[in-house]
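Tertiary structure, described
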Amino acid sequence: MFSESYTPNDVVIETAEMNAFRENAFVGIIKDKEQLCILENALIAYDEESGKSNRMYMRLPPKDRGVKSINDLADYKMILERIEGVEFHSGKYPREIEKAYAYDPCFYRPLTEAERVAFEEKQAAAAKAKADAEAKAAAKAAEAAASQSEYDAIYGKAVEIAKQLCTKPARALESVKKVIYDAVNVNAQQGKLSIGVNAFYNYMKTKGTEVEMTREQYSDLGTMTTRYYQKGDTKIPFMMGSLTLGYDIDPMSSLNATFSFNQFNMKNTGHPTTTMSGGLYGDGFTYGNEMTSKNRRTSFTATTDYSRFFNADHTRLLTLTYQFSYSPIKGESETLFDPIETGEGTPAFDVNADRYTDNREKSTEHTVQADYTTPLSASQTFNTGLKYLNRRNSSDSKYYLNNIYSDAASTDYLYMNNILAGYAELESKWSPKWSTKAGLRYEHTWQKVEYNKGAGEDFSKDYGSLVPSASLSYAIAPTQNIGLTYNMRISRPGITYLNPYRDNSSPTMVSYGNPELDVEKTHNVQMVFNSFSQKFMMNATLRYSFCDNAIEQYSFYDANNLLNTTYGNMMKRHSAGLNLYANYSITKDTRLMVNGGLTYVDMTSKALDTSNNGWQGNIMVGLQQKLPWDMNLSMNWIGNTKSYTLQGWTSGFNMLIGTLSKSFLNDKLTVSLSGITGLSKGGKLHLDSYSEGKDFISNQAIGVNVSQVQLSVRVTLGNNKMQMKRPHQ
């Protein structure tokens, strides 16, 4: 319930299947309160006879409520299955007790001799069923062991297939040297315990990424021009994995735990050249350098939650959650300069001084959260909760010039953040068509910054934020609704924005974060329309947002003629737009999807004395087709228009993604072949950008060779439908 936005209630859908089930199964059973009591007593007695008192006992909703959700439908089916064969005796159900037990308007009575015999026969049948179940469980355990052996064999075969098929398509594209894409997804359930394992690995190498930049700087000495060109290679190995455990303690409570890991590595190499001329540089000079940069980001996350229902309806719920995350980041960059080529200009900096930086960052978080939800009446639900977050970020950056450590240019920085928050939310359904939701969240933040080394002074501050939300929903029809929502979103800057470490890898520019950034607050208003049918589904959102202290990246020249790039809360941003998602089943084997948006943005900064505005949009059109031999084909076109920043813009792009997949061995092995290509010349993705400050203009062109072929192999073992109870979020 700590999500940053609230949306209207999901539209109520009564499908033909639900209506038929309700009419056929219950109209003739639950005619009045007395028969409802009979059905409830039958469930209680059935539980006691089978030795499972009140197991998964559910009180039925009133008949006039009908089936209102998938959960209701599942509950009804479960109840009918459990009372199959139970006899009704004129409003009374037989039960072995010493005396009559009154339950208005239903009651029990002692068993007759015939009923006692029938009861004992049922007990014998139950004992036999129990023995059969135990035998079945033993057989299932043996089957699981056999499945594990089968899995080992299947996966070994899958890896061999990947090795054989993966390299051949990759060679067809010069930009992709090697692509390996293996995935394993294992899920199983044994009794009350559910286990899920997921592993993923990807390795990609691209060649020939080109970057061209031209920047003009204006000063009293005239116009100085900088031209930069680089053609480089990139290696990106990526891996991730997760383990999920779920345990049903009893019908009313469950315990879940998730452990996840991911690691992203990127290495860039190249030999850029820079030419500087005009103004201070006269006829100019050119220099080159060998550039290597490495970045490794790792993340460990462990989450556990305990959920407990307090009533038979499963509507009163307490959830306790603890999460730990640890994210170390290691970055290295090395710049080895070539001798300066001929030219009459004199550089204002030492381009013979090789540079090396080693930046280590760590982020550790502990989160404790409690959520409670309870019905206040048949039409109102109250949600409340508390959350505490402890975050500790550190950065230790070492800078070397000509292999000599520079203490003055190095930094050691610690940022601590503690957040305590509480929320309350009321959901109300005023009629079958009208519903509302109103919420209020308060957060208090304590921040502390310490500089063990480098420029900057220690400081601490604390502040509170009140975050309201509200929504109104109207059901036009059983398959259509419209809603109006308001919320305020809080966005805290991450360590990349806050880190004061100065990246001096280039002699002409420097970039760094701003530890004094404030939390960004954005107000959002949305009107949402939903429509569903068997063939067509659509969601349309008309939205408006504004922020008076938006965080924005900006650039400027300093007194040393270096281009500085950093961040600041210095922009007012307003945006209005329309988002549309549509999904249409053309035939039973063909599906068309469209997802896109159009937005107008307006940005203003008094601090920089600049503004910018314009229209920007994005779209994805997808086609899914079932083919013969149980194969599936999906094609997706993705397009983006020009997008705007405070000081400039970035051009749009177009790309095409296609995937062909086939399952084998009773869907235990799935092989997919995917292709990605840009729709520009050579299959590249061309990105142009423009930025302008009070004393400079910069144009940049990047050509990324995104064309690649991927082969994925997925192996599945056990039960994919893990039946873990998850708390309502």
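Residues numbered from 1 in each chain as written. Predicted model: local features only at pLDDT ≥ 70, side-chain atom pairs only at ≥ 80, totals over all residues. Heavy atoms only, no water.

1. A look at the packing of aromatic side chains
Considering all chains together, one arrives at 15 aromatic pairs under this definition. For the pair tyrosine 287 and phenylalanine 337, a centre-to-centre distance of 5.9 Å together with 55 degrees between the ring planes defines the contact as tilted. With tyrosine 287 in strand S8 (residues 285–309) and phenylalanine 337 in strand S9 (residues 317–337), this residue pair connects regions lying 50 residues apart in the sequence. Residue tyrosine 287 shares its accessibility class with phenylalanine 337, and that shared class is buried. Taking the centre distance of 4.6 Å and the plane angle of 45 degrees together, the rings of tryptophan 434 and tyrosine 474 count as tilted. Highlighted residues: tryptophan 434 in strand S13 (residues 434–453) and tyrosine 474 in strand S14 (residues 459–477), separated in sequence by 40 residues. Judged by its relative accessible area of 26%, tyrosine 474 is partly exposed. (Phe/Tyr/Trp six-rings, centres within 6.5 Å; stacked < 30°, edge-to-face > 60°. Helix = DSSP H or I, 4+ residues; strand = E, 2+ residues; numbered from the N terminus. Buried < 20%, exposed > 50% of the residue type's maximum accessible area, 1.4 Å probe, protein only.)

2. Here's the deal with the nonpolar core
In this structure, Tyr413, Tyr415, Val449, Tyr451, Leu498, Leu517, Ile551 and Tyr567 together form the largest nonpolar core, which totals eight residues. Elements with a minimum of two residues in this core: strand S12 (404–429) and S13. If we skip the residues at most four places from it in the chain, tyrosine 413 touches Asn393, Ser394, Ser395, Val449, Glu450, Tyr451, Leu498, Asn499, Pro500 and Pro515. (Core = buried A, V, L, I, M, F, W, Y, C linked by side-chain atoms within 4.5 Å. Contact = heavy atoms within 4.5 Å.)

3. Section: the side chain of threonine 225
With respect to the helices and strands, the residue threonine 225 is situated in strand S5 (residues 222–250). With residues near it in sequence (within four places) discarded, threonine 225 still touches Thr214, Arg215, Glu216, Thr275, Met276 and Ser277.

4. Thoughts on a nonpolar patch on the surface
A contiguous nonpolar patch, built from Phe536, Tyr584, Ile586, Leu592, Leu623, Leu627, Leu633, Met635, Leu660 and Leu673 and spanning about 720 Å² of accessible area, is present on the exposed surface. Those elements that provide at least two residues to the nonpolar patch are strand S19 (563–587), strand S21 (610–627) and strand S22 (631–640). Look at leucine 633 and you get partly exposed, because its relative accessible area is 30%. (Patch = residues over 30% accessible without salt bridge, like charges linked within 9 Å, V, L, I, M, F, W, Y side chains within 5 Å. Areas by Shrake-Rupley, 256 points an atom, 1.4 Å probe, with all protein chains shown as cover. Salt bridge = Lys/Arg side-chain N within 4 Å of Asp/Glu carboxyl O.)

5. Considering the pattern of salt bridges
Considering all chains together, one arrives at twelve salt bridges under this definition. Note that arginine 391 is salt-bridged to glutamate 365, the shortest N-O span being 2.6 Å. Placement of the pair is arginine 391 in strand S11 (residues 380–401) and glutamate 365 in strand S10 (residues 355–377), with a sequence separation of 26 residues. Summarising the burial analysis for this pair, arginine 391 and glutamate 365 share the class buried. Salt bridges sharing common partners tie together Arg441, Glu443 and Arg492.

6. Some words on the environment of asparagine 256
Residue position: asparagine 256 is located in strand S6 (residues 253–270). Taking the C-alpha atoms as reference points, asparagine 256 and glycine 246, ten residues apart in sequence, are found 4.3 Å from one another.

7. Focus: the pairing of strand S7 (residues 273–277)
With burial as the criterion, only one face of S7 is covered, namely that bearing Thr274 and Met276; the residues Thr273, Thr275 and Ser277 on the opposite face remain uncovered. In the sheet, S5 pairs with S7 via five bridges, with the strands oriented antiparallel. Each bridged residue has a counterpart across the sheet, and for threonine 225 the counterpart in S7 is serine 277. Sheet topology note: the S7/S8 ladder contains four bridges and is antiparallel. Looking at the pairing, threonine 275 lines up with threonine 286 of S8. (Pairing = 2+ DSSP bridges.)

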